[in-house]
Each structure stands twice: as C-alpha cells, then as structure tokens.
Amino acid sequence: MDRNELLEPFDKMLEALSTPAQVRAIEGGAPYAPLWEELVQSGFLDALVPEHAGGAGLALADVGPLLQALGRHAVPLPVGETMLARYLLAAAGQAWPEGPIAFAVARAGQDTVVPSGLVASHVLLECDGALVLADAGSGNPQPTGVNGSLAARMRWDAVPAGTVLPAITGGLRAVAALVRATGMAGAAERLLEMTTAYANERVQFGKPIGRQQALQQNLAVMAEDVVASRLAAQLGCAGGVVASLAAVATAKSVTSAVAGRIAATAHAVHGAIGISEEYDLQLYVRRLYEWRLADGSESYWNRLLGKARLASADTSIDWVRAQLFA
Amino acid sequence: MFDTLALASLPDEDEALRPKIRAVVQQAIADMPVESRAKSWLGFDAAFSRLLGQEGFLGLNLPKSYGGQERGPFARFVVVEELLAAGAPVAAHWIADRQSAPLILKFGTEAQREFYIPRVCRGEAFFCIGMSEPGAGSDLASVRTRAERTDKGWLVNGQKIWTTNSLHSDYMIALLRTSGKPEDRHAGLSQLIIDLKAPGVTIRPIVDLTGDAHFAEIFFENVELGADALIGNEGDGWKQVTAELAFERSGPERIYSSVVLLDAWVRHLQAVGRDDDATLAMVGGYTARLATLRAMSIACTARLALGESPVVEASLVKDLGTSLEQELPIAIGDDLGGHPDEPVDAGLYRALLYVTQIAPSFSLRGGTREILRGIIARGMGLR
Ligand SMILES: Cc1cc2nc3c(=O)[nH]c(=O)nc-3n(C[C@H](O)[C@H](O)[C@H](O)COP(=O)(O)OP(=O)(O)OC[C@H]3O[C@@H](n4cnc5c(N)ncnc54)[C@H](O)[C@@H]3O)c2cc1C
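Just so we're clear, the structure is a prediction, and the values are computed from it rather than from any experiment.

A word on the overall build of chain A. Helix and strand content of chain A: 11 helices and nine strands. Here the C-alpha radius of gyration of chain A, 20 Å, is about what a compact globule of 326 residues would show, namely 20 Å. Its C-alpha atoms give chain A principal-axis dimensions of about 65 × 55 × 40 Å. Burial statistics for chain A: of 326 residues in total, 57% are counted as buried. Considering only contacts within chain A whose residues lie at least 6 apart along the sequence, 70% involve residues at least 24 apart. Chain A carries 24 positive and 31 negative side-chain charges, and their two centres are separated by 8 Å.

This is how it looks when you write it as structure tokens:
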C-alpha cells in the first residue's frame, strides 16, 4: 500500500485537531474527551486491529509513519499506545474500552512514571510478571510536577483487577519503546522544519541567519540526526508490534542518543525566543526529553543490545543483517 | 525533510549473491592479518581484482553488452558490503568499477565505452580520479591544469595531487581547464582520459603517516592526447564531476571503513569475557548506529536504483557515516587503554593504531565534512 494514502489524511486530521493551542489547553488541564471522541470517530485507533475484529489489519511498518505524525503534532493523548493496546487485546480475543490507554511497567509498591498517564482512562500494566488492562485510577495517578507534562506518577501495591492478557515476548517495555521512538522521530522532524524555517526568516547582520555558514553546518548535522532517527524508528517498526530486541533497541537507542543534539541545535538557532512558553518549540523539545527517559534511555537499550551482540560469534554486519534486516 | 530516504530492503535476487562473493572473499583473505584487513579499501591486489572480474563481481551496474552484469546498485551494495566486512583488498579496481566506468557509460562515446568498460569489468583496467590540485581541493572549480587543443588532439600541462591508486593505475580521468581562466570557475572545465604511460607523465608517490603510499602527485609536461580523450562535451566537466561524486559518496564504503577494527575489538571482549554495563552499553550503542547507517545507506542506494543522482542524500549519509568511522578508533582506544591489565592481541593493537592514524582521511577523501554540510544546507534551502 502507498504509505501516503494512509498518512496524508491522518496528518491533516492531526493538523486540525492537535493544534498548539489545543495541546497547551490539554496540558493545562482542559478536558480531553472532545479530542478523543474525534480520534475514535476517525477509525485510525483500530488501524492495527485485524479485519475480522473490526480493524484495518495493517502492519506496524505501515502504521509507523502515523506514530511519527503523532510526535510531529505533539498529540496530547496516548494515541500510539491505544493503537498498539487494541491490537494486543484483539490478538488475545479481548474487548477494548473506548478511552485512551497508557502503558505502564511497574513493580508492586514502587512509583513509576507513566507517559500520558494523566490523560488515560485505562492502563495496560505489566506488573510483577502479569499483564493486565486496568482502570487508570487503580494506580492513583499524580502529576509528576514537571511543567506541562501529561505523564503521571503511578503506583500499585498489587496487580490490580482488570482484563488479563498473555505475557508479551520481550515485555511491554519494548512495545512502549517503539511508541516512544517513533514519537521522537516525529517530534525531531518537526523541530528540524521549524528550525530551518526560522533560520531562513530571522535576519541579523543584514541577512537571514541561515546564510551564516556556522549555522548551516549545525543545521546539516541536525538534519543527519533527524534522518537517522527516522530510519531507526522505521527499522524498529519493521519488526512488528512485538519486535526483536535488536529492532526495538536500535530504534530507541538512536532516537534517544541524538535527541539532546537535535534539541540543542533547535534552541541555539532560535536564540531566546525558543526558550519562551508562547513559542511552539517547547512543545516538541519537552516531549523529546521526556520520551528519551521513558521506557529506557539509550544506555538502557545499549546494554541489552550489547549483551545480545557479544553473545554471538557473528561479525557486526552479519549480526545486524540477521537481527534487523531479515 | 529528506523524505526520499526511507527504509528499503535489498531484493532477494541481489541478496542471493552473498554466499558466492563470500566464498571468493574468504579464500582471498584466509591468510591476511587483521591489521592488513583493517586497511579496508586501501588494500591493493590486482590478481584479486581480476579474480572478482572472472567471477562476475565487477561491473554489476553496467550493461552486459560491455561485459557488465546489468544487476544494478543493490547488487553492488551486497558485493561491496561483503568485501568491506572482510577487509578484502579492493583498491585496484575500486575507482574504475565504482565511478570511472559508470561515468564513461553515461557521458562517453561509443568507442570509449567499447574500449574501456569491458576491461574494467574483467579487472584489467585500473583508473584514478584526477580532481585535486595543490591549489584546488575543496574549491574544485579553481583547477589550473590545462588541456589545449592541437591538430591531433590535446596537450596537457599542470599537476594533480592526492591521486589515490595512481601508482598502480592505467588511466586517470582528469578534470582539466580546456578554456578560460581559473576565475571563470565552472565554465571551461572538461574531463579527459589520460593514459598514465604517455610520455610526459611523472608520478611521485606521497607516503602517508602510516607509512603507506596509496596516493601520489602527478606532473604533466606537454602530454599529448588523442582527440578521443575527451569525455562528453567540452565545457561539461563540472556537470559530469557532480554526477560522478554521487557515485563516489553514496556507497557502503562510507560507513564501513572501521568495521574490521570493530569486529576485532568485539572478538577481544569475547575472548577476555568482559561484560560490565559500560562495555555492553558501548557495544550496543555502536551496533545500533551501525544498523541505522546501514538502513540509511540502503535507502540511498534505492535512489540510485531509481536512476536518480542523490547528491544531497549521499552527502548526508557520508558525513554521518564517516563520523562513526572516525569515532570508533578513538573510543576503542580509550576502551582498551582503559583496561591496561587486559592483554591485547598484537594484531588488534596494530590495527587499532593504524585505523586511528588514518581515520582523519575518512572525512577528507571524497569531499570534506564542511563541504558536504554545505551541500546538505543547500538541499535544506539555506543557501
Ligand atoms: C586519503 C585521501 C585520498 C584522496 N584521494 C583523492 C583522489 O583520488 N583524487 C583526488 O582528486 N583527490 C583526492 N583526495 C583529495 C581530497 O579530495 C581533498 O583532500 C579534499 O577535497 C580537501 O581538499 P584539501 O585537502 O585541498 O583541503 P582544503 O580545501 O584546503 O580544505 C582545508 C579545510 O578547509 C575547509 N574548507 C575549505 N573550503 C571551505 C569552505 N568554503 N567552507 C568551509 N570550510 C572550508 C575544508 O573543509 C577543510 O577542513 C584525497 C584525499 C585523501 C585524504
């Protein structure tokens, strides 16, 4: 299928629904139900659900660009998580609730930070070896105290009641990391577009700052990092919802490792305006940093990837070919 | 932005070449020590190149009518990847196969195609690239070496420098000024094929800091060439060089120059059984980046396969790729030096210091980092 056939309407919809003003409103505590209702109506939430269960039956490789678009538009709801959760529920022969579903990996009795936890009705929770879909309220979601963040601090003292699912090979964290990596690739792309456009507009010393060679060099590196993010995310999605460790690790490692450089250049080129709340840059930068920490940063995934790599007698090229390109 | 670079996969029929090229390579490198294999694409062995020609691994992108395989860029990707993964000595045919023959195919006359390309495909005609001069490196349009028209053809005077493989080459494809002055920039430049055995050609090796002499300076003193030395139209040299550079910059060679060292280091870690968190994270980080660069390089190859000339995309992948290639020896040096009580194999030690010393060249050859970033910036609409 032509990816653009799917992506373009989705992107247009998000452009209209997830405006910077809307994102700020929801981050400020406005009700999310009206936005969610429109997303439900669009049918995209069931993109991965098999056709016999009422969905579109698409592969994650096809849906990957949509997940990136969610990051590009800083969508203030766990849309990617819900799409993947619905797929997992459908695969387990279970029904799914209408509301937004967040992902949480927790140990009983310990706090955990759940991205989009403040705007979820349900949580797909991996806790002490169990995988359940529970009411979000069961984890007593509290704000993290980070400005504008929709993540919640949650805690369960025991596995809560809910729909029980079979365990996922590789764990829920890997599935969540794919959502985060694709979202980061999308946010990174938006930052590149904004920053390039700004460099062409902002005049200092009588010419657009983008004409300054020093800035061109930094922006070229930013473009390289953004393209690397996108390809890494695509490699991750190519493996499907339950991807190999190598695919997930590559996606999350690379997107997380370049996030800091991408954000730094975006800020540097924008100068002071980039720091201000009213300018949209922060919507994407904040997400990039938050998602880098979520579901394992680059060093977390690097350790797992390194362990798998060192356990093999293959050459590096053979190993990545077999694990990621097969 | 740069949406043209998207995940692509190698077609099965090209992937199918892998076992056969691997078998040929394994035989050739069976006795090569790791430090020689770490030279990557600077290793020279004419007999090996001829063997590759015989086995059908040269001219993969070239038409059958000229002795090629008519397979396309993906086939070349597979073969080049296998050669570099092993550190096979490819320098002899490398430039001829990658860019000279495709250039002649695209812009040359029928007679030139029939004369040169079949020999390139057999691994019997080796080429070098004569672009740089002492006064023209990044600023290629300022070349001064001249070719004047005579009744019989051309008369060449001037000098080229840093010409890789010229000591062992049969021909140079030179960028020369055929009219006007250096101030005229792009106008008045042409590409000519120079037979390096012609009278008046003097080649002087330049020894590099590792002790090798893989490049040279070349002097032309009243070198007479036939009228058939000109490639394409007079004055089109700049346009042709730009197209040629997309071939030069887009391949997997721009991500794998340090991969033999990487593998030797991994084998070292396995041998000493070191698997603390810092080590694992380092191995994993480079593995993830290598995999992503491979995906980017294949994405670039897919543009070539569509018949495009992905100049900007190739610059992007080359700059990111050479960054990884250059970072590896520095990081591996810190890792091995950071564990002074761990015995390091003598070959790995030599390979490490060789790659460390030569690595700065990775971002110079084929266009410097700053120039490539300028090309990317132009592609972003900033210039
Ligand atoms: C191993 C190796 C093999 C080579 N093989 C060949 C070959 O086969 N054939 C051939 O023709 N050439 C070859 N070269 C030459 C190579 O193409 C040149 O070295 C390269 O283009 C840079 O030119 P230069 O060395 O004259 O440096 P310069 O052009 O003098 O550049 C020096 C520094 O200034 C920077 N700089 C220059 N202009 C600008 C600008 N406008 N903006 C920002 N920065 C700038 C450069 O990026 C660089 O950092 C080879 C080089 C090496 C190292």
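From this point, the narrative continues.
Secondary structure assignment for chain B yields 13 helices and eight strands. Here the C-alpha atoms of chain B give a radius of gyration of 21 Å, agreeing with the 21 Å that 2.2 N^0.38 yields for 383 residues. Looking at chain B as a whole, 60% of its 383 residues are labelled buried. Taking the intrachain contacts of chain B between residues at least 6 apart in sequence as the baseline, contacts between residues at least 24 apart amount to 76%. With an accessible surface of roughly 14,500 Å², chain B has 53% of that area assigned to carbon and sulfur atoms. Between the mean site of the 39 positive side-chain charges and the mean site of the 50 negative ones, chain B shows a separation of 4 Å.

Residues and elements named next belong to chain A. Parsing chain A into structural domains produces domain 1 (3-165) and domain 2 (172-324). When each unit is reduced to the centre of its C-alpha atoms, the spacing between domain 1 and domain 2 is 21 Å. Taken together, the contact between domain 1 and domain 2 spans 33 residues of the former and 34 residues of the latter. Both sides together, the interface formed by domain 1 and domain 2 hides about 2,600 Å², and carbon and sulfur atoms give 60% of it. Among the residues of domain 1 in contact with domain 2, R24, Q68 and R72 are the three that bury the most area, contributing 27% of the side total. With its nearest N and O atoms 3.3 Å apart, the salt bridge here joins E277 to R24. Taken together, the elements giving at least two residues each to the side of domain 1 that touches domain 2 come down to helix 2 (20-27), helix 4 (60-72), helix 5 (79-91), strand 1 (101-106) and strand 3 (122-127).

A few words on a nonpolar patch on the surface. Residue and element names in this part refer to chain B. Where nonpolar side chains cluster on the molecular surface, the patch consists of V344, Y349 and L353 and spans about 250 Å² of accessible area. Relative to the helices and strands, Y349 is located in helix 12 (residues 346-358). Its relative accessible area of 49% is what places Y349 among the partly exposed residues.

Moving on: helix 4 (residues 46-54) of chain B. Residues and elements named next belong to chain B. Those residues of helix 4 that sit buried are A46, F48, S49, L52 and G53. Viewed along the axis of helix 4, the buried residues span an arc of 160 degrees, placing them on a single side of the element. Where helix 4 is buried, its residues meet helix 2 (18-29), helix 5 (73-86), helix 6 (91-107) and helix 7 (110-121). By the N-cap criterion, in which a side-chain oxygen at the helix start approaches the backbone nitrogen of a residue two or three places on, helix 4 is capped by D45, the distance to A47 being 3.1 Å. At the exit of helix 4 stands G56, carrying a positive phi of roughly 85 degrees.

Our next topic: the site of the ligand. In the neighbourhood of the ligand, 17 residues make up the surrounding shell, with S132(B), S138(B), T164(B), T368(B) and E370(B) lying closest. Residues close to the ligand are split across chains A and B. A distance of 2.7 Å is found between an oxygen atom of the ligand and a side-chain nitrogen or oxygen belonging to E370(B). Tallied by class, residues from the shell around the ligand come to six nonpolar, nine polar and two charged.

Attention now moves to the nonpolar core. Proteins that are soluble and globular tend to have nonpolar side chains buried together. Of all hydrophobic cores here, the largest spans 170 residues; its most connected members are L124(A) and L83(B). It is helix 6 (residues 172-201) of chain A that provides the largest number of residues to this core, a total of 16 residues. Domain assignment of the residues forming this core places at least three in each of domain 1 (3-165) and domain 2 (172-324) of chain A. If you look at the next biggest cluster of nonpolar residues, it comprises 18 residues, including W154(B), V156(B), A174(B) and L192(B).

Of the residues lining the interface, 50 residues belong to chain B; the matching set on chain A comes to 46 residues. Sorting the residues of chain B by area buried against chain A places M1(B), L7(B) and L382(B) first, and these three jointly supply 17% of that buried surface. At the junction of chain B and chain A, the tally comes to five salt bridges. When the shortest N-O distance is used, the salt bridge between D318(A) and R22(B) registers 2.6 Å. For the pair chain B and chain A, the interface holds 14 residue pairs in polar contact (both at pLDDT 80 or more).

All names here are of chain A. Read across the open sheet, the three strands follow the order 2-6-5; overall the sheet is antiparallel. At either margin of the open sheet sits one strand with a lone partner, and together these are strand 2 (112-114) and strand 5 (142-143). For strand 2 and strand 6 (residues 152-154), the ladder comprises three bridges, and the chain directions are antiparallel. Paired with V114 across the two strands is A152, which belongs to strand 6.

Residue and element names in this part refer to chain A. Strand order in the open sheet formed by four strands is 1-3-4-7, and the pairing between neighbours is mixed. Each edge of the sheet is formed by a strand with only one pairing partner; in this case those strands are strand 1 and strand 7 (163-165). On average, adjacent strands in this sheet sit at an angle of 25 degrees to one another, irrespective of strand direction. As defined by bridge partners, strand 1 adjoins strand 3 across six bridges and the pair is classed as parallel. When the sheet's bridge partners are listed, A104 is paired in strand 3 with L125. On top of the sheet, helix 5 reaches strand 1, strand 3, strand 4 (130-135) and strand 7; it is set at about 80 degrees to strand 1, its chief contact. Together, strand 1, strand 3 and strand 4 form the strand contacts of helix 6, whose direction differs from that of strand 1 by roughly 135 degrees.

Attention shifts here to the layout of surface pockets. Residue and element names in this part refer to chain A. Its boundaries defined by the atoms lining it, the second largest pocket holds a volume of some 720 Å³. Around the second largest pocket, the lining is made up of 33 residues, and of these V113, V114, L293, A294 and D295 lie nearest the centre. Counting residues per element, the lining of the second largest pocket draws most heavily on helix 9 (residues 281-293), at six residues. A breakdown of the residues in the lining of the second largest pocket according to their chemical character gives 15 nonpolar, 10 polar and eight charged. Residue-level mapping places the lining of the second largest pocket at the junction of two domains, with at least three residues from each of domain 1 (3-165) and domain 2 (172-324).

Residues and elements named next belong to chain A. Taken as a whole and assessed by the stated rule, the structure comprises four cavities of 30 Å³ or more. The calculated volume of the largest cavity comes to roughly 280 Å³. If you go around the largest cavity, you meet 25 residues; those closest to its centre are V75, L77, S116, R287 and W291. Elements represented by at least two residues in the lining of the largest cavity include exactly helix 4, helix 5, helix 6 and helix 9. Its residues assigned to classes, the lining of the largest cavity shows 12 nonpolar, seven polar and six charged. Two domains each donate at least three residues to the lining of the largest cavity, and these are domain 1 (3-165) and domain 2 (172-324).

Reading the values: rules and limits
- Residues numbered from 1 in each chain as written.
- Chains lettered and ligands numbered in written order.
- Predicted model: local features only at pLDDT ≥ 70, side-chain atom pairs only at ≥ 80, totals over all residues.
- Heavy atoms only, no water.
- Helix = DSSP H or I, 4+ residues; strand = E, 2+ residues; numbered from the N terminus.
- Rg over C-alpha atoms; globule rule 2.2 N^0.38 Å.
- Buried < 20%, exposed > 50% of the residue type's maximum accessible area, 1.4 Å probe, protein only.
- Contact = heavy atoms within 4.5 Å.
- Lys, Arg positive; Asp, Glu negative; His and termini not counted.
- Charge placed at Lys NZ, Arg CZ, Asp CG, Glu CD.
- Areas by Shrake-Rupley, 256 points an atom, 1.4 Å probe, with all protein chains shown as cover.
- Domains from an automatic or database assignment.
- Buried area = accessible area lost by both parts, 1.4 Å probe.
- Salt bridge = Lys/Arg side-chain N within 4 Å of Asp/Glu carboxyl O.
- Patch = residues over 30% accessible without salt bridge, like charges linked within 9 Å, V, L, I, M, F, W, Y side chains within 5 Å.
- Arc of directions from axis to C-beta.
- Polar contact = N/O pair within 3.5 Å; in protein donor to acceptor, adjacent residues only side chain to side chain.
- Near = heavy atom within 4 Å.
- Nonpolar A, V, L, I, M, F, W, Y, C, P; charged D, E, K, R; others polar.
- Core = buried A, V, L, I, M, F, W, Y, C linked by side-chain atoms within 4.5 Å.
- Pairing = 2+ DSSP bridges.
- Axes fitted to C-alpha atoms, helices over the stretch in contact; angles between N-to-C directions.
- 1 Å grid on protein atoms, 1.4 Å probe; cavity = no way out; pocket = protein on both sides within 12 Å on 5 of 7 lines; lining within 4 Å.
- Points joined across faces, edges and corners; volume = space filled by probe spheres on them.

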